[in-house]
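A look at the structure
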Amino acid sequence: MESEKETKPPLPPIIDQLKEYAETRFKLLKYEAIEGSTSILASVITDVVVVISMVLCFIFASVTLAYFLADVLHSNWEGFGCVALIYLIIAIIIKLNKSSIEKPLANIFIQKIFKR
């Protein structure tokens, strides 16, 4: 008779369903988090590869331009100096327009992070 008293009454089916729902919901949230983080990571990796490729292309194009100008001006230092001057002018223009450049870049990064 004591063994009958010690056993708990069976849980109503609704409680079992709620537990199963909670477990399923937790698994779904976990899988969604994994999907989101892996897609962001993949996007960042591809963007880094593209940026590195563009930087290398830019560097080689700069050296090529410098040698071309050196050939035209018949002086290596004048050719490389002209390229340096071009970059200095670009840097000054970017510095003066910094606020108008930052907002669109921030928006692009935000869209990249929250992209589904």
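**Here's the deal with the overall build of the protein chain**
For the protein chain, the helix and strand inventory stands at four helices and zero strands. Order of helices (α) and strands (β) in the protein chain, N terminus to C terminus: α-α-α-α. In terms of overall size, the protein chain is more extended than a compact globule, its C-alpha atoms giving a radius of gyration of 31 Å where 116 residues would be expected to give roughly 13 Å. In terms of its C-alpha atoms, the protein chain occupies a principal-axis envelope of roughly 110 × 25 × 20 Å. Counting 12 positive and 12 negative side-chain charges, the protein chain places the averaged centre of each group 6 Å from the other.

**Observations concerning the environment of Ile-92**
As for its placement among the helices and strands, Ile-92 is situated in helix 3 (residues 76-96). Judged by its relative accessible area of 44%, Ile-92 falls in the partly exposed class. In the structure, Ile-92 is positioned 20 residues away from Lys-112 in sequence and 28 Å away in space, judged by C-alpha atoms.

**Considerations on the pattern of salt bridges**
All chains considered together, the criterion is met by one salt bridge. In this structure, the salt-bridge partner of Lys-98 is Glu-102, at a minimum N-O distance of 3.8 Å. A residue pair is termed a helical-turn pair when its members lie 3 or 4 positions apart in one helix, as Lys-98 and Glu-102 do in helix 4 (residues 98-114) at four residues. Judged by its relative accessible area of 43%, Glu-102 is partly exposed.

**As for the packing of aromatic side chains**
Under the counting rule described, the total for this entry stands at two aromatic pairs. Taken together, a centroid distance of 5.3 Å and an interplanar angle of 50 degrees make the contact between Phe-58 and Tyr-87 tilted. In this pair, Phe-58 sits in helix 2 (residues 13-73) while Tyr-87 sits in helix 3, placing the two residues 29 residues apart along the sequence. For the ring pair Tyr-67 and Phe-80, a centre distance of 5.1 Å and an interplane angle of 85 degrees mean the geometry is edge-to-face. Residue Tyr-67 is found in helix 2, and its partner Phe-80 is found in helix 3; the two are separated by 13 residues along the sequence. A relative accessible area of 49% means that Tyr-67 is categorised as partly exposed. Residue classification places Phe-80 among the partly exposed positions, given a relative accessible area of 34%.

**Quick word on the confidence of the model for the protein chain**
Detailed reading of the predicted model is not advised wherever pLDDT is low. The pLDDT averaged across the protein chain works out to 87; a share of 91% of its residues lies at or above 70. In the model of the protein chain, helix 1 (residues 2-6) stands out as the element of lowest mean pLDDT, 57, in contrast to helix 3, which has the highest, 95.

**Things to note about the packing of helix 2 against helix 3**
Two elements in contact, helix 2 and helix 3, have axes separated by 7 Å at closest approach and are oriented at 135 degrees. Classified by the angle their axes make, helix 2 and helix 3 are oblique. As helix 2 runs across helix 3, the sense of the crossing is right-handed. Residues Phe-58, Ser-62, Leu-65, Ala-66, Tyr-67, Leu-69, Ala-70 and Leu-73 of helix 2 pack against Asn-76, Glu-78, Gly-79, Phe-80, Cys-82, Val-83, Ile-86 and Tyr-87 of helix 3. A per-class count over the contact of helix 2 with helix 3 returns 12 nonpolar, three polar and one charged.

Definitions and cut-offs
- Residues numbered from 1 in each chain as written.
- Predicted model: local features only at pLDDT ≥ 70, side-chain atom pairs only at ≥ 80, totals over all residues.
- Heavy atoms only, no water.
- Helix = DSSP H or I, 4+ residues; strand = E, 2+ residues; numbered from the N terminus.
- Rg over C-alpha atoms; globule rule 2.2 N^0.38 Å.
- Lys, Arg positive; Asp, Glu negative; His and termini not counted.
- Charge placed at Lys NZ, Arg CZ, Asp CG, Glu CD.
- Buried < 20%, exposed > 50% of the residue type's maximum accessible area, 1.4 Å probe, protein only.
- Salt bridge = Lys/Arg side-chain N within 4 Å of Asp/Glu carboxyl O.
- Phe/Tyr/Trp six-rings, centres within 6.5 Å; stacked < 30°, edge-to-face > 60°.
- pLDDT = per-residue confidence, 0-100.
- Axes fitted to C-alpha atoms, helices over the stretch in contact; angles between N-to-C directions.
- Parallel < 35°, antiparallel > 145°, perpendicular 65-115°, else oblique.
- Left-handed = near helix turned anticlockwise from the far one by under 90°.
- Contact = heavy atoms within 4.5 Å.
- Nonpolar A, V, L, I, M, F, W, Y, C, P; charged D, E, K, R; others polar.

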